[in-house]
Amino acid sequence: QNGINAGACVLINVKGDSMEPSIYDGDLVMIDKRKTEIRSGHIYVFRDGDDGLRLKRLDVIPGAAVTLRSDNTKYPPEHRTGERIDEISSNILGEVVWSGHKWG
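So, how was this worked out
Residues numbered from 1 in each chain as written. Predicted model: local features only at pLDDT ≥ 70, side-chain atom pairs only at ≥ 80, totals over all residues. Heavy atoms only, no water. Salt bridge = Lys/Arg side-chain N within 4 Å of Asp/Glu carboxyl O. Helix = DSSP H or I, 4+ residues; strand = E, 2+ residues; numbered from the N terminus. Buried < 20%, exposed > 50% of the residue type's maximum accessible area, 1.4 Å probe, protein only. Contact = heavy atoms within 4.5 Å. 1 Å grid on protein atoms, 1.4 Å probe; cavity = no way out; pocket = protein on both sides within 12 Å on 5 of 7 lines; lining within 4 Å. Points joined across faces, edges and corners; volume = space filled by probe spheres on them. Nonpolar A, V, L, I, M, F, W, Y, C, P; charged D, E, K, R; others polar. Phe/Tyr/Trp six-rings, centres within 6.5 Å; stacked < 30°, edge-to-face > 60°. Lys NZ or Arg CZ within 6 Å of the ring centre and 35° of its normal. Pairing = 2+ DSSP bridges. Axes fitted to C-alpha atoms, helices over the stretch in contact; angles between N-to-C directions.

What follows concerns the pattern of salt bridges. According to the stated counting rule, one finds 10 salt bridges in the structure shown. A salt bridge links Asp-17 to Lys-74, with the nearest nitrogen and oxygen atoms 3.1 Å apart. Taken together, the residues span a long stretch of sequence, with Asp-17 in the loop between strand S1 (9-13) and strand S2 (28-32) and Lys-74 in the loop between strand S5 (65-69) and strand S6 (78-81) at a distance of 57 residues. Exposure remark for Asp-17: the relative accessible area of 22% places this residue in the partly exposed category. On the basis of relative accessibility, which here comes to 55%, the residue Lys-74 falls in the exposed class. With a shortest N-O distance of 2.6 Å, Asp-59 and Arg-69 are connected by a salt bridge. Of this pair, Asp-59 sits in strand S4 (residues 53-61) while Arg-69 sits in strand S5, and the two are 10 residues apart along the sequence.

If you want it as structure tokens, here you go:
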């Protein structure tokens, strides 16, 4: 119904509070591995060097920068320029297309 292909998706548990109130520590998210081209304002899972896998909202300024944004305002935006743009864009695992929160 949403164009989701189960064979192209993976589920992972989120660790940390940087994406609250959208996504909470312990939530389950579905990543569509086909969606690796950055669209500003969307949430992606990507490999970030020695930091491992990260989940952030990404914004693109074409040819200039990629901004990694947390929804939790206690975490400042991170800006990547130059070669570091490619480090992000070439290591995207996919876009978050669904999240589930356990209540209680």
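Before going further, it helps to examine the side chain of Thr-67. Structurally, the position occupied by Thr-67 is in strand S5. We classify Thr-67 as buried; its relative accessible area is 10%. Ignoring any residue separated from it by four or fewer positions in sequence, one finds Thr-67 in contact with Arg-57, Leu-58, Asp-59, Pro-77, Glu-78 and His-79.

Moving on, we get to the layout of surface pockets. Considering only enclosed or pocket space, the largest pocket measures out at about 260 Å³ in volume. Val-14, Lys-15, Leu-53, Arg-54 and Leu-55 are, among the 15 residues lining the largest pocket, the residues nearest its centre. Those elements that place two or more of their residues in the lining of the largest pocket are S1 and S4. Among the elements that line the lining of the largest pocket, the one with the most residues is S4, at 4 residues. Of the residues assigned to the lining of the largest pocket, the class counts are 7 nonpolar, 3 polar and 5 charged.

Let us look at the packing of aromatic side chains. Summed over all chains, the structure comprises 0 aromatic pairs. Lying over the aromatic face of Tyr-75, Lys-56 brings its terminal NZ or CZ to 5.8 Å of the ring centre.

Right, let's talk about the sheet that holds S4 for a bit. Read from one edge to the other, the open sheet built from 7 strands follows the order S1-S2-S7-S3-S4-S5-S6, with strand pairing classed as antiparallel. The outermost strands of the open sheet, each flanked by one partner alone, are S1 and S6. Across the sheet, the mean angle from the axis of one strand to that of its neighbour is 40°, orientation sign disregarded. When S4 meets S5, the two strands line up antiparallel, connected through 5 bridges. Along S5, the bridge assignment pairs Asp-59 with Thr-67.

Relative to the elements of secondary structure, Asp-48 occurs in the loop between strand S3 (42-47) and S4. By relative accessible area, which is 6% here, Asp-48 ends up buried. Not counting residues within four places of it along the chain, the set of residues in contact with Asp-48 comprises Arg-54, Leu-68, Arg-80 and Ile-88.

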